[in-house]
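Below, each chain spelled out in residue letters.
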Amino acid sequence: MIRFVAVVALLAALPASADAQIRRRLEVGGGASVAGSLGLGKRDASLMSNDTAGSPYRLFSSDTRIDPAPRLEVRLGYRLSPRLTIEGTLGVAQPQLTSSLRNDVENADGVDSSSTLTEYVIDGGVLWRLSTNKRRRWTPFVSGGAGVARHVHEGQTLIESALDTYAGGGLLYALGRRTGLRVDGRVHILNGGIAVGQGASPRGVLSGSFFAAF
Amino acid sequence: MRALQRRYLVAALLSGALILAATPAWAYLHLSVTLFGSVKSIKWAQSPVRWLSSNASTPGVSATAFQQAAQAAFATWEAVPSATVAFQFGGFTNATPSDDGDGLSVLGFEEHGDLDRTLAATGFTIDVVSGAIIESDIFFNSAFAWSTSGAANAYDLQSVATHEIGHFIGLGHSALGETELQAGGGRRVLAASSVMFPIAFGRGITLDRTLQPDDIAGVSTLYPAGDLAQTTGQLQGRVRLGGRGVFGAHVDAFNLRTGTISAGFSLNGEGEFLIGGLEPGLYAVRVEPLDDASTDSFFDDPGIDVNFKVTFAESLVAVPKGGAAPTFDVTVQPK
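Position numbers for residues count from 1 along each chain, tracking the sequence in the order it is written. Going through the entries in the order they are written, you letter the chains from A and number the ligands from 1. Where totals are concerned, whole chains, interfaces and linings use all residues; where local detail is concerned, this predicted model gives features only for residues with pLDDT of at least 70, and gives and counts side-chain atom pairs only at 80 or more. The side-chain figures draw on all heavy atoms in the structure; neither hydrogens nor water molecules are used.

For the rest of this paragraph, the subject is helix α2 (residues 157-168) of chain B. All names here are of chain B. Numbering of helices and strands runs from the N terminus, with a helix taken as a DSSP run of H or I at least four residues long and a strand as a DSSP run of E at least two residues long. What a helix should span is 1.5 Å times the count of its residues minus one. For α2, built from twelve residues, the straight-helix expectation of 16 Å at 1.5 Å per residue is met to within 8% by its first-to-last C-alpha distance of 16 Å. Between buried and exposed lies partly exposed: a residue is buried under 20% and exposed over 50% of the maximum accessible area for its type, with that area taken using a 1.4 Å probe on protein chains only. Within α2, twelve of the twelve residues are buried, which leaves it mostly tucked inside the rest of the structure. Burial in α2 covers these residues: Leu157, Gln158, Ser159, Val160, Ala161, Thr162, His163, Glu164, Ile165, Gly166, His167 and Phe168. Positive phi appears at glycine 170, one or two residues downstream of α2, with a value of about 115°.

The next thing to look at is the packing of aromatic side chains. Each aromatic pair joins two rings of Phe, Tyr and Trp (for Trp, the six-membered one) with centres within 6.5 Å, and gets the label stacked for planes under 30 degrees apart, edge-to-face for over 60, and tilted for any other angle. By the definition in use, this model includes 18 aromatic pairs over all chains. Summarising the aromatic geometry, the rings of B:Phe66 and B:Phe140 are spaced 5.3 Å apart at their centres and angled 75° between planes, so their arrangement reads as edge-to-face. Taken as a pair, B:Phe66 in helix α1 (residues 63-78) and B:Phe140 in strand β10 (residues 132-141) lie far apart in primary sequence, 74 residues in all. Under the relative-accessibility criterion, B:Phe66 is labelled buried at 1%. In this structure B:Phe140 comes out as buried when scored by relative accessible area, which is 0%. Within the aromatic cluster, the residues linked to one another by ring pairs are B:Trp44, B:Trp51, B:Phe74, B:Phe87, B:Phe89, B:Phe92 and B:Phe168. Two limits define a charge over a ring: the Lys NZ or Arg CZ must be within 6 Å of the ring centre, and within 35 degrees of the ring normal. The positively charged end of A:Arg186 is found above the aromatic ring belonging to A:Tyr166, 5.9 Å away from the centroid. Taking the ring centre of B:Tyr223 as reference, the NZ or CZ of B:Lys43 above it sits at 4.9 Å.

Along its sequence, chain B is carved into domain 1 (3-218) and domain 2 (228-331). Between the C-alpha centres of domain 1 of chain B and domain 2 of chain B there is a distance of 24 Å. For the purposes of this description, domain bounds are those given by an automatic or database domain assignment.

Residue and element names in this part refer to chain A. Here a cavity is any set of points on a 1 Å grid over the protein atoms alone where a 1.4 Å probe fits but cannot get out, and a pocket is any open set with protein on both sides within 12 Å along at least 5 of 7 lines; a residue lines the site when it has an atom within 4 Å of a point. Grid points are joined across faces, edges and corners, and a volume is the space filled by probe spheres set on the points. Applying the stated criterion across every chain, the model contains eight cavities of 30 Å³ or more. In this structure, the largest cavity encloses a volume near 100 Å³. Along the walls of the largest cavity sit Glu27, Val28, Gly29, Arg75, Gly77, Thr85, Glu87, Leu127, Arg129, Leu172, Arg182 and Phe211, which together make up its complete lining. Elements with a contribution of two residues or more to the lining of the largest cavity: β1 (25-35), β4 (69-79), β5 (84-93) and β7 (111-129). Residues belonging to the lining of the largest cavity are distributed by class as follows: four nonpolar, three polar and five charged. Quantified by volume, the second largest cavity comes out at close to 80 Å³. For the lining of the second largest cavity, the secondary-structure elements that each account for two or more residues are β4, β5, β7 and β10 (179-191). Looking at the lining of the second largest cavity, the element that brings in the most residues is β10, giving four residues. Here the nonpolar group is Ala, Val, Leu, Ile, Met, Phe, Trp, Tyr, Cys and Pro; Asp, Glu, Lys and Arg are the charged ones; every other residue, Gly included, is treated as polar.

Moving on, we come to unusual backbone geometry. Between B:Ser47 and the following residue, B:Pro48, the backbone shows a cis peptide bond with an omega angle of 0°. With respect to the helices and strands, the residue B:Pro48 is situated in the loop between β5 (43-44) and β6 (49-54). Non-glycine residue A:Asn103 carries a positive phi angle of around 60°. Along the chain, the position of A:Asn103 falls in the loop between β6 (96-102) and β7. In this model, A:Asn107 sits at a positive phi of 65°, which is unusual for a non-glycine residue. Looking at the secondary structure, you find A:Asn107 in the loop between β6 and β7.

Residue and element names in this part refer to chain B. Burial analysis of helix α3 (residues 213-222) places eight of its ten residues in the buried class, which makes it a mostly covered element. Listed as buried for α3 are Asp214, Asp215, Ala217, Gly218, Val219, Ser220, Thr221 and Leu222. Residue contacts are defined here by distance: any two heavy atoms, one from each residue, within 4.5 Å place the two residues in contact. Buried positions along α3 lie against β4 (38-41), β5, α1, α4 (228-231), β18 (261-265) and β19 (272-278).

Let us now look at the pattern of salt bridges. For this document, the term salt bridge refers to a Lys or Arg side-chain nitrogen within 4 Å of an Asp or Glu carboxyl oxygen. Applying the stated rule across the entire model yields 24 salt bridges over all chains. When salt bridges that share partners are traced, they join A:Arg71, A:Glu73, A:Arg75, A:Glu87, A:Glu119, A:Arg182, A:Asp184, A:Arg186 and A:Arg203 into one network.

Moving on to the environment of B:Phe312. When you line up the elements, B:Phe312 lands in strand β21 (residues 311-312). Judged by relative accessible area, B:Phe312 falls into the buried class, the value being 3%. Taking the C-alpha atoms as reference points, B:Phe312 and B:Val251, separated by 61 residues in sequence, lie 9.6 Å from one another. With residues up to four places along the chain from it excluded, the contact list for B:Phe312 reads A:Phe60, A:Leu101, A:Asp104, A:Ala108, A:Asp109, A:Val111, B:Val285, B:Arg286 and B:Val330.

Here the focus is the confidence of the model for chain B. All names here are of chain B. pLDDT measures how confident the predictor is about each residue, on a scale from 0 to 100. With 91% of its residues at a pLDDT of 70 or more, chain B shows a mean pLDDT of 86. Counted against residues more than four places away or in other chains, residues 1-28, with its pLDDT under 50, gives 129 contacts. Here the prediction assigns the complex a pTM of 0.82, and the interface score ipTM is 0.85.

Our next topic: the interface of chain A and chain B. Contacts between the two partners involve 39 residues from chain A and, on the opposite side, 44 residues from chain B. Computed with a 1.4 Å rolling probe, the buried area is the accessible surface lost when two parts are put together, summed over both parts. Taking both partners together, chain A and chain B bury about 3,200 Å²; carbon and sulfur atoms supply 63% of that area. Among the residues chain A hides against chain B, the three largest losses belong to A:Met48, A:Asn50 and A:Glu106. Together they make up 23% of the total. In this structure, the connection of chain A to chain B is made through three salt bridges. As a salt-bridge pair, A:Asp104 and B:Arg286 come within 2.5 Å of each other at their nearest N and O atoms. Those elements that provide at least two residues to the side of chain A that touches chain B are β2 (38-49), β3 (56-66), β6 and β7 of chain A. Broken down by element, the side of chain A that touches chain B gets its largest block of residues, seven residues, from β2(A). Broken down by class, the residue content of the side of chain A that touches chain B amounts to 16 nonpolar, 15 polar and eight charged. Strand pairing is assigned whenever DSSP identifies at least 2 bridges connecting the two strands. Looking at chain direction, β2(A) and strand β14 (residues 187-192) of chain B are connected through two bridges and run antiparallel. Looking across to β14(B), one finds that A:Ser49 is bridged to B:Ala191.

Structure representation (structure tokens):
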């Protein structure tokens, strides 16, 4: 991720081509996305065995995840050059947080224990257009950035924050001079906060949105 | 029952109305008494708590080695940062742990060959008005082989002392353990994660020298340090069976991030439970019958319900910092 951001930063430092000297302008967009399942980690509930080392004695196992859910997104961008836009995104979703509880030592029936989360994701990043050919309606792009994911648990009793980083790409489709559609796919990685297991887990997000430029 | 059964709680009664039981407000358990219709936790009112070490010795453990092991066990409880309990060694004494009502809290060896399943026991003298502990004594049964070095053929004195000192300060038994029935009677521990589990690990095992999260939650809620209520949270709910409450169900709270387990019990006819002193975070909850040790190791009440299946709660529970998660029900099915 760090390497990707560095590449984008280098690209941003290149001078814009002569045929693409457009006015800097504001871009506003909104749409919906579907976030895939996010694995939060596996962990056993263990006691200490009756041996000198107290080796783990599994009471039951857990495998925790955020289930797929639709997300509403609004985006504000500022086009710095024909290729480069900086943008910020706010996404809101209400996924189920589920932990599969299995392998009970006393043969309890396995269950998927769950609760509802409200997830707010605030990201800042860059979008780099791979083409500036005005005769084509389609413009491919790559994007990347980082931000914060805030998870508010059911009952609003607990709020956790995690670092959210993403990279992806997609297509912009011009409807007119100032409006268009955007389709993009991203891979998000969450670190800290709600994650319960070891390491970060990737999550795919597919979104479609409308945008207008001013 | 076998000699492995170490922990037999003894109440030195000052009043016929005194009944050792569980405090409804907390679990793990805290010892409590019903005084004039009011339930009170029993705990020390003064700090530091002064204790004496008996001059008695046993083969393999001198009086000095005994005092050092007991001192280390007291230090283990004293070191819990979220609790305020403190102790002071008052010297060696010829008094015995059986000398009740002398105002001295004595720890030491005594021969109790008749108690062939009891490694050690703790007795109390309490103020019948306030519930404050006035005196507490612990005997270690010298009918068993003891060691302070983890010798394979003897019980570890410091481990058992750590358990008994848990009683000494007002903690009851925890049910965070799994056991199996022995062919000759009694139970053998398969695994446990609380020093306050009522049945000892085997000879030569020193694991109970170290407190587990369940023990730390127990002492912290009994002798809370200043900011405990602001830095930890509570989990509360009811265990239900066929529309009625289940009394005496064991409730495990498993922190999905840290992997720690704290536990409590449903403590009334409504099946209500409350587990405090929890690190904020997301918890899975598991309910099981109290069938890994004799129920009277935990409660005096004969009405403990053990006729239901082990069950996971359908909801995950988010425990907040400085507050309580919303109340929830766990519905269990009969066996």
